[in-house]
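So the chains spell out like this:
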Amino acid sequence: MEDCLAKKMEITVSEAEKRTGRNAMNIQETYTAYLIETRAVESQIEGQCAPVDSLWRRYSEFELLRNYLSVTYPHIVVPPLPEKRADFVWHKLSADNMDPDFVERRRIGLENFLLRVASHPVLCQDKIFYAFLTQEGGWKEMVNETGFQLKADSRLKALNATFRVKNPDKRFTELKHYSDELQSVISHLLRVRARVADRLYGVYKVHGNYGRVFSEWSAIEKEMGDGLQSAGHHMDVYAASIDDILEEEEHYADQLKEYLFYAEALRAVCRKHELMQYDLEMAAQDLTSKKQQCEELATGTVRTFSLKGMTSKLFGQETPEQREAKIKVLEEQIQEGEEQLKSKNLEGRDFVKSAWADIERFKEQKNHDLKEALISYAVMQISMCKKGIQVWTNAKECFSKM
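Residues numbered from 1 in each chain as written. Predicted model: local features only at pLDDT ≥ 70, side-chain atom pairs only at ≥ 80, totals over all residues. Heavy atoms only, no water.

Colleague: Is there a simple way to explain a negative patch on the surface in this structure?
Modeller: A cluster of acidic side chains, namely Glu321, Glu324, Glu331, Glu332, Glu336 and Glu339, defines a negative patch on the protein surface. With relative accessibility at 44%, the residue Glu331 sits in the partly exposed group. (Patch = residues over 30% accessible without salt bridge, like charges linked within 9 Å, V, L, I, M, F, W, Y side chains within 5 Å. Areas by Shrake-Rupley, 256 points an atom, 1.4 Å probe, with all protein chains shown as cover. Salt bridge = Lys/Arg side-chain N within 4 Å of Asp/Glu carboxyl O. Lys, Arg positive; Asp, Glu negative; His and termini not counted. Charge placed at Lys NZ, Arg CZ, Asp CG, Glu CD. Buried < 20%, exposed > 50% of the residue type's maximum accessible area, 1.4 Å probe, protein only.)

Colleague: Explain the packing of aromatic side chains to me, please; I cannot follow it from the model alone.
Modeller: The way to describe two aromatic rings as a pair is by their centre distance and the angle between their planes. In this structure the tally under the stated criterion is 14 aromatic pairs. Between Tyr210 and Trp392, the aromatic rings sit 5.6 Å apart at their centres with planes inclined by 90°, giving edge-to-face as the arrangement. With Tyr210 in helix H9 (residues 170-218) and Trp392 in helix H13 (residues 320-400), the pair connects residues that are 182 residues apart, well separated along the chain. An aromatic cluster is present here, built from Phe62, Phe113, Phe132 and Trp139 joined pairwise through their rings. Geometry around Trp56 places Arg19 over its ring, the cationic atom sitting 4.5 Å from the centre. The cationic tip of Arg57 hangs over the ring face of Phe132; the distance from NZ or CZ to the ring centre is 4.8 Å. (Phe/Tyr/Trp six-rings, centres within 6.5 Å; stacked < 30°, edge-to-face > 60°. Helix = DSSP H or I, 4+ residues; strand = E, 2+ residues; numbered from the N terminus. Lys NZ or Arg CZ within 6 Å of the ring centre and 35° of its normal.)

Colleague: Teacher, can you tell me more about a nonpolar patch on the surface here?
Modeller: A contiguous nonpolar surface patch, about 270 Å² in accessible area, is contributed by Val206, Tyr210 and Trp392. Note on placement: Val206 falls in helix H9.

Colleague: Before we go on, may I ask you to explain the packing of helix H3 (residues 59-72) against helix H4 (residues 100-119) in this structure?
Modeller: Any two packed helices are characterised by how steeply their axes cross, that is the angle between the axes, and by the distance between the axes. Relative orientation of the contacting elements H3 and H4 amounts to 30°, with a least axis distance of 12 Å. Comparing their axes, H4 and H3 come out roughly parallel. The way H3 lies across H4 gives a crossing that is left-handed. Touching Tyr59, Phe62, Leu65, Arg66 and Leu69 of H3 are Arg106, Leu110, Phe113, Leu114 and Val117, all from H4. Residue classes in the contact of H3 with H4 are distributed as 8 nonpolar, no polar and 2 charged. (Axes fitted to C-alpha atoms, helices over the stretch in contact; angles between N-to-C directions. Parallel < 35°, antiparallel > 145°, perpendicular 65-115°, else oblique. Left-handed = near helix turned anticlockwise from the far one by under 90°. Contact = heavy atoms within 4.5 Å. Nonpolar A, V, L, I, M, F, W, Y, C, P; charged D, E, K, R; others polar.)

Colleague: In this structure, what is going on with the sheet that holds strand E1 (residues 9-22)? I would like to understand it.
Modeller: The strands making up a sheet associate through hydrogen bonds between their backbones, and the pairing can be parallel or antiparallel. Spatial ordering of the open sheet is given by E1-E2-E3, a layout of 3 strands whose pairing is antiparallel. In this open sheet, the two strands that pair with only one neighbour each are E1 and strand E3 (53-58). Put simply, the sheet's adjacent strands are angled 25° from each other on average, direction ignored. The pairing of strand E2 (residues 28-40) with E3 spans 6 bridges and is classified as antiparallel. Bridge pairing in E3 places Tyr34 opposite Arg57. (Pairing = 2+ DSSP bridges.)

Colleague: What am I meant to see in the pattern of salt bridges here?
Modeller: Here the idea is simple: oppositely charged side chains can pair when their charged atoms come close. In total, this model carries 22 salt bridges according to the counting rule given. Residue Arg212 is joined to Glu216 by a salt bridge in which the shortest nitrogen-to-oxygen separation is 3.6 Å. Here Arg212 and its partner Glu216 are both found in helix H9, 4 residues apart, which amounts to about one turn of the helix. On the basis of relative accessible area, Glu216 is assigned to the partly exposed category, the value being 48%. The salt bridge involving Glu264 is made with Arg271; its shortest N-O contact spans 2.9 Å. For Glu264, a relative accessible area of 32% corresponds to the partly exposed category. What you see here is one network of salt bridges that share partners, running through Arg105, Arg193, Glu249, Glu250 and Asp254.

Structure representation (structure tokens):
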């Protein structure tokens, strides 16, 4: 971790800007661009003021970067991007992806994504990632030249592997179930939080009604007027604070959403392992078939029904020379198949070793982050309740003085 990029460079997504331009289809569109600023840490340690490098990136470029990382490092739980459009929101909050509050939270999420990648012991060393931070022009061409899209496995192939793997690794099967459960639990938690936020908003607005009623009442009461006016003021201040509180809550919700999306990153690693296991089993099956064919040609016996066997019966047996030539070809294919199988076995073992090390790193990070977020959320709720108690304590004092 001492060599990670996050230790050598300060990385921030400092601002977001609404822009208008034309897309690849030459259609006018409105989008948001994000300013990435980087500064070398070493110069600051030496007492010099390091210059800030900056460049603008669209959300789609962040997506391209993450897709590249996911394909290039299939054994790594690649950090997720923040949501493109707001989900799990309480009804008073805008779901518009151009809403300033949502854009601001997404800016924070994009900065967090870059810091996650820059802190990762493997991803931080990637040249394409470094170019994303430092090279504005020609970056997309650089990504496409890697040919990463050709390595991307099709969804159909992945689905096929899921159902046809005969000997799945128990650890990855359990991990897939865990990621499904994690996603389900966090989704439910976010839905509950949205409902609670709606109710909380209603409670605070009731206090606003109290404030209005007490203020109107104070206008017609001479002796109790000052007490009612003061109590109404406390209610108004309390009611007005709900917007800031719920906006702060959204930041905690975004922390939960990050791990909602991390669940898909975990499943992606599981799918890649299934594909490797499927390819390995297919290679082993093909090798067994060729060995059987070779044995049948050498002994002249056919153990299983085949079209080739029926052809021999109908049109006569092959000559010894033809059989020898076929045996030679099969022996060469068997040798290649054995080497390929050995290579796939080695590749599979390396994948499992690397993937499991990264999964353990992820679990440690997850436990730390979620514990911290939930504790902070609880502290915020306690503080909010204390403010509510204080409001009614103040109101009681106002009423007592009447």
